[in-house]
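Structural overview
Chain by chain, the residues run as shown.
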Amino acid sequence: MTSHPRLSIGLPVYNGEEYLAESLDALLGQTYEDFELVVSDNASTDGTEDICRRYAAKDSRIRYLRLPRNIGATPNHNLVFAESRGELFKWASHDDLYGRDLLRRCVEALDERPEMILAHTGQAVIDGDGKLKVPYEYGLATGSPHAPERFRSLLFEPGGDDFYGVLRADVLRRVKPLDSYHHADRTFVAEIVLQGPFHQVPEVLYFRRDHPTRAERANPGKRSRCANLDPRRAGPLHPTPRLLAEYVWGFVAAIRRAPLSPADRRACYRHLLAWMTSRVRRPGAGERVEDREPAAPDRLDVCVDALVAGREGRRS
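Please read all numbers here as calculations on a predicted model, not as lab measurements.

**Examining the overall build of the protein chain**
Scanning the protein chain from N- to C-terminus turns up twelve helices and nine strands. Here the protein chain holds 316 residues, and the buried ones make up 53% of them. Counted over contacts in the protein chain with a minimum sequence separation of 6, partners at least 24 positions apart contribute 78%. Carbon and sulfur atoms form 53% of the exposed surface of the protein chain, whose accessible area is close to 13800 Å².

Printed below as a string of structure tokens:
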């Protein structure tokens, strides 16, 4: 790794001891090596600190930050980006797994396609034991050269996890930081997709783990989930109607800030209005892949073990 790595990976974590070592192994075992890994420990009370310090002592690419108090998941996500130095950036989750070639394939895709601002790979959902639950066929038109079409697709089609792709850091610096209202990650990705097209690498190299202690499962209510994202939302001043209003306004504000022509801006507003009026008929629009129930073929179950770096022998 050079003194100024080309890629920065930001990994915010809180009480992640159960799966953290596996995720670190998968990231540090990547075939692309020119990166730094910024780990921000949100005042964990379990064994997370010991795991992080042990890995940081073995690999100089890791920069470990431990916060004196829990600032919430959203500020911690923004912090790891603020601490990054690379021209490319990727958020990583402490409980997900990554195929060995994920970073290399995404960086190559961005190098070969300068018009693309984000690259991600095919993905699947795994359970707590690493067994495949849901293979996911990406169907969004985020690769379109037309901003209104990208935006419309993101509104109406079931969402993937573009949030965890490899992005050009200068684009991230142009958009509003991640917020903590209900589904703020969707409006955040919507603002990014209005900046430019995404590229999807046609290989299943990202494995998103779904388990009972995952933040979305442990905090099923809108208010409790948002309080987990930012403790300042735990009080009575953030009722559910306000959280939902912030969600809709997040899309409006993204359109207002985006570098669009007047015609494209009007088209985006029309798509947003159509989406708002369709919510009664399509309450599941934009749901995450793990919320659906397609059967998982056995061949992909093998892929998880075969493609993830260091699954065995590197957990100590």
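**Concerning the nonpolar core**
Counting residues in each nonpolar core, the largest one holds 82 residues, and the members touching the most others are Leu11, Leu37, Trp91, Phe151, Leu172 and Leu194. The residues touching Leu11, leaving out its near neighbours within four places in the chain, are Leu20, Leu24, Leu27, Leu37, Val38, Val39, Ser40, Val80, Ala92, Ser93 and His94.

**Thoughts on helix α5 (residues 147-156)**
Along α5, eight of the ten residues are buried, which leaves the element largely enclosed by surrounding structure. Turning to α5, its buried residues are Ala147, Pro148, Arg150, Phe151, Ser153, Leu154, Leu155 and Phe156.

**Examining the packing of aromatic side chains**
The tally for this structure, following the rule as stated, stands at 14 aromatic pairs. Taken together, Phe81, Phe89, Trp91, Tyr98, Phe163, Tyr164, Phe188 and Tyr206 form an aromatic cluster joined through their ring pairs. One residue, Lys58, lies across the ring of Tyr55, its end atom 4.7 Å from the ring centre. Just above the ring of Tyr206 sits the side chain of Lys90; from NZ or CZ to the centre is 5.5 Å.

**Details of the environment of Arg266**
Take Arg266: it is sitting in helix α11 (residues 262-278). Residues Arg266 and Ile255, spaced eleven residues apart in sequence, show a C-alpha to C-alpha distance of 9.1 Å.

**So, the pattern of salt bridges**
Overall, the coordinates contain 25 salt bridges when judged by the stated rule. Asp59 is the salt-bridge partner of Arg61, the closest N and O atoms lying 2.9 Å from each other. Looking at Arg61, the relative accessible area reads 11%, which means it is buried. Exposure remark for Asp59: the relative accessible area of 15% places this residue in the buried category. In this structure, Glu149 and Arg152 form a salt bridge, with 3.6 Å as the shortest nitrogen-oxygen distance. One end of the pair, Glu149, and the other, Arg152, are both in helix α5, three residues apart, so they sit about a helical turn from each other. Among the ionic contacts, a cluster of salt bridges with common partners joins Lys176, Asp179, Arg233, Arg242 and Glu246.

**Description of the pairing of strand β7 (residues 132-136)**
Bridge count between strand β6 (residues 118-126) and β7: four bridges; the pairing is antiparallel. Residue pairing in the sheet places Ala124 in a bridge with Pro135 of β7. The turn joining β6 and β7, which pair antiparallel and follow one another in sequence, is formed by five residues; a positive phi near 85° is taken by Gly130.

**Quick word on the pairing of β6**
With nine of nine residues buried, β6 lies mostly within the body of the structure. The sheet contact formed by β6 and strand β8 (residues 166-168) spans two bridges and is antiparallel. Among the inter-strand pairings, Ala119 is bridged to a residue of β8, identified as Val166. Strand direction decides the pairing type here: β6 and strand β9 (residues 198-209), joined by nine bridges, are parallel. Its bridge partner lying in β9, Val125 is registered against Arg208.

**Considering the environment of Ile192**
In this fold, Ile192 is placed in helix α7 (residues 184-193). Between the C-alpha atom of Ile192 and that of Leu167, which follows or precedes it by 25 residues, the distance is 9.4 Å. Ile192 has contacts with Ile117, Leu167, Leu172, Val175 and Phe198, leaving out every residue within four places of it along the chain.

**Some words on the packing of α5 against α7**
Contact geometry of α5 with α7 gives a least axis separation of 9 Å together with a crossing angle of 165°. By the criterion of interaxial angle, the relationship of α5 to α7 is roughly antiparallel. Where α5 crosses over α7, the two elements pack in a sense that is right-handed. Along the contact surface, α5 presents Arg150, Phe151, Leu154 and Leu155, while α7 presents Arg186, Val189, Ala190 and Val193. A breakdown of the residues in the contact of α5 with α7 according to their chemical character gives six nonpolar, no polar and two charged.

**As for unusual backbone geometry**
For Asn15, which is not glycine, the phi torsion reads 45° and is therefore positive. In this structure, Asn15 sits in the loop between β1 (7-13) and α1 (20-28). The phi torsion at His183 lies on the positive side, around 65°, for a residue other than glycine. Mapping His183 onto the fold places it in the loop between α6 (169-174) and α7.

**With respect to the packing of helix α10 (residues 240-257) against α11**
With their axes 10 Å apart at the nearest point, α10 and α11 run at an angle of 165° to one another. When the axis of α10 is compared with that of α11, the two are roughly antiparallel. Crossing of α10 over α11 shows right-handed handedness. Residues Tyr247, Val248, Phe251, Val252, Ile255 and Arg256 of α10 touch α11, and the partners they reach there are Arg265, Cys268, Tyr269, Leu272, Trp275 and Met276.

Parameters and conventions
For every chain, the first residue of its written sequence is number 1, and the numbers climb from 1 along that sequence. Given that the model is predicted, a residue must reach a pLDDT of at least 70 before its local features are reported, and side-chain atom pairs must reach 80 or more before they are shown or counted; all residues, however, enter totals for whole chains, interfaces and linings. As a convention, hydrogens and water are excluded, and side-chain values are obtained from all of the structure's heavy atoms. Under the scheme used here, helices are H or I runs from DSSP no shorter than 4 residues and strands are E runs no shorter than 2 residues, and both carry numbers assigned from the N terminus. Each residue is placed in one exposure class: buried if its accessible area under a 1.4 Å probe, protein chains only, is under 20% of its type's maximum, exposed if it is over 50%, and partly exposed if it falls in between. Two residues form a contact once any of their heavy atoms are found within 4.5 Å. Each accessible area is a Shrake-Rupley result for a 1.4 Å probe, and residues are judged covered by the shown protein chains and nothing else. Grouping buried Ala, Val, Leu, Ile, Met, Phe, Trp, Tyr and Cys residues that are joined through side-chain atoms within 4.5 Å yields what is termed a nonpolar core. Any pair of Phe, Tyr and Trp rings, taking the six-membered ring for Trp, is counted once the centres come within 6.5 Å. Such a pair is stacked with planes under 30 degrees apart, edge-to-face with planes over 60 apart, and tilted for the rest. Here, a charge over a ring is recorded when the distance from Lys NZ or Arg CZ to the ring centre is within 6 Å and its angle to the ring normal is within 35 degrees. In what follows, salt bridge is the name for a side-chain nitrogen of Lys or Arg lying within 4 Å of a carboxyl oxygen of Asp or Glu. Strands are labelled as partners when DSSP assigns at least two bridges between them. Each axis is a line fitted through C-alpha atoms, taken for helices only over the stretch in contact, and angles between the N-to-C directions span 0 to 180 degrees. What sets the label is the angle itself: under 35 degrees gives roughly parallel, over 145 gives roughly antiparallel, 65 to 115 gives roughly perpendicular, and the rest give oblique. Crossings are sorted by hand: turned counterclockwise from the far helix by less than a right angle, the near helix makes the crossing left-handed, and turned clockwise it makes it right-handed. Gly is put with the polar residues, along with every residue not named as nonpolar or charged; the nonpolar set is Ala, Val, Leu, Ile, Met, Phe, Trp, Tyr, Cys and Pro, and the charged set is Asp, Glu, Lys and Arg.

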